[in-house]
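So the chains spell out like this:
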Amino acid sequence: MTLRVVIADDEDLIRAGLRIILDAEPDLSVVGEAADGAAVIPVVRRERPDVVLMDVRMPALDGIRATELLLTLDEPPKVLVVTTFENDDHVYDALRAGASGFLLKRTRPDDLAQAVRLVAAGESLLFPAAIRTLAGRRPQGTARVPGIDRLTGREGDVLRLMTRGLSNQEIAAELVVSQETVKTHVGNVLAKLGARDRTQAVIAAYESGFVSPTA
């Protein structure tokens, strides 16, 4: 199956470079581009991509607000933020807004392609250490996450392993259970937390104080 990708970045050279890299992959296809966050909405409505590569800083409408708007669509794509600096607070704000991950503009071509695949699959967390660092710069234990106190002990174990960036296969090996069992637990965690994906669940874990990013 070919994954459909839209690129949103205000720099023509960046968009062109990303397109060349992704279109060279047999399972990836760039189906649209946008030079601003506002322009990406109609492109996504028309092309219905699986993943949007979103620049976090754009002049008229930034990637944070554009991500929020994309997630109001009936079938929203996964959003992968592309940034210059991994310690940019705007990146964390984009993740809180609903982005599924981020990568750096200096990322190697092979890693870029793999990041798109991972975000589309939703079974791993990109740059878990960087997300933990960004979360550690924010107040902890202050956010109220209604469903977090309803997690079972095993679901809590799975969430803690998710914050470490472990895939379903790795979590299964760690807990000595089947991957199907892990998928069920992950699904329960997301449902109870009202999280769209693993990234949102991990942020909820940090901000609620369920997991400490400094531990």
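Model, not experiment: these values are computed from the prediction.

*Asks:* Please explain the overall build of the chain as it appears in this structure.
*Replies:* Across its full length, the chain holds 10 helices and 5 strands. For 215 residues, the compact-globule formula gives about 17 Å, and the C-alpha radius of gyration of the chain, at 17 Å, lands near that figure. The burial tally for the chain puts 51% of its 215 residues in the buried class. By element, 50% of the accessible surface of the chain is carried by carbon and sulfur atoms, the whole surface being about 10,000 Å². Seen as two clouds, the 26 positive and the 31 negative side-chain charges of the chain have centres 4 Å apart.

*Asks:* Can you walk me through the nonpolar core in this structure?
*Replies:* Within soluble globular proteins, side chains that are nonpolar generally end up buried alongside one another. Core analysis: the biggest nonpolar cluster contains 56 residues, and Val40, Met54, Leu159, Met162 and Leu193 have the highest contact counts within it. Residues in contact with Leu159, not counting those within four places in the same chain, are Ile148, Leu151, Val189, Leu193, Ala201, Val202, Ala205 and Phe210. Counting 18 residues, the second largest nonpolar core, distinct from the first, contains Leu3, Val5, Leu28 and Val119.

*Asks:* Can you walk me through the packing of aromatic side chains in this structure?
*Replies:* For any pair of aromatic rings, the description rests on two quantities: the centre-to-centre distance and the angle between the ring planes. Applying the stated criterion to the full structure yields 1 aromatic pair. Ring geometry for Phe102 and Phe127: centres 5.3 Å apart, planes at 40°, overall tilted. A residue pair is termed long-range when its members are at least 10 positions apart, and Phe102 in strand 5 (residues 101-104) and Phe127 in the loop between helix 5 (109-121) and helix 6 (128-136) qualify at 25 residues. A relative accessible area of 38% means that Phe127 is categorised as partly exposed.

*Asks:* Got a minute to help me understand the pattern of salt bridges in this structure?
*Replies:* Note that side chains of opposite charge can pair when their charged atoms are close. In the structure shown here, the tally under the stated rule is 18 salt bridges. Here Arg19 and Asp23 are joined by a salt bridge, their closest N and O atoms 3.5 Å apart. Remark: Asp23 and Arg19 occur in helix 1 (residues 12-23); sequence separation between them is 4 residues, near one turn of the helix. In this structure Asp23 comes out as partly exposed when scored by relative accessible area, which is 38%. Ionic pairing is found between Asp55 and Lys105, a salt bridge with its closest N-O pair at 3.7 Å. Of this pair, Asp55 sits in strand 3 (residues 51-55) while Lys105 sits in the loop between strand 5 and helix 5, and the two are 50 residues apart along the sequence. You can call Asp55 buried: its relative accessible area is 5%.

Procedures and definitions
- Residues numbered from 1 in each chain as written.
- Predicted model: local features only at pLDDT ≥ 70, side-chain atom pairs only at ≥ 80, totals over all residues.
- Heavy atoms only, no water.
- Helix = DSSP H or I, 4+ residues; strand = E, 2+ residues; numbered from the N terminus.
- Rg over C-alpha atoms; globule rule 2.2 N^0.38 Å.
- Buried < 20%, exposed > 50% of the residue type's maximum accessible area, 1.4 Å probe, protein only.
- Areas by Shrake-Rupley, 256 points an atom, 1.4 Å probe, with all protein chains shown as cover.
- Lys, Arg positive; Asp, Glu negative; His and termini not counted.
- Charge placed at Lys NZ, Arg CZ, Asp CG, Glu CD.
- Core = buried A, V, L, I, M, F, W, Y, C linked by side-chain atoms within 4.5 Å.
- Contact = heavy atoms within 4.5 Å.
- Phe/Tyr/Trp six-rings, centres within 6.5 Å; stacked < 30°, edge-to-face > 60°.
- Salt bridge = Lys/Arg side-chain N within 4 Å of Asp/Glu carboxyl O.

Coordinates in, geometry out; function isn't part of it.
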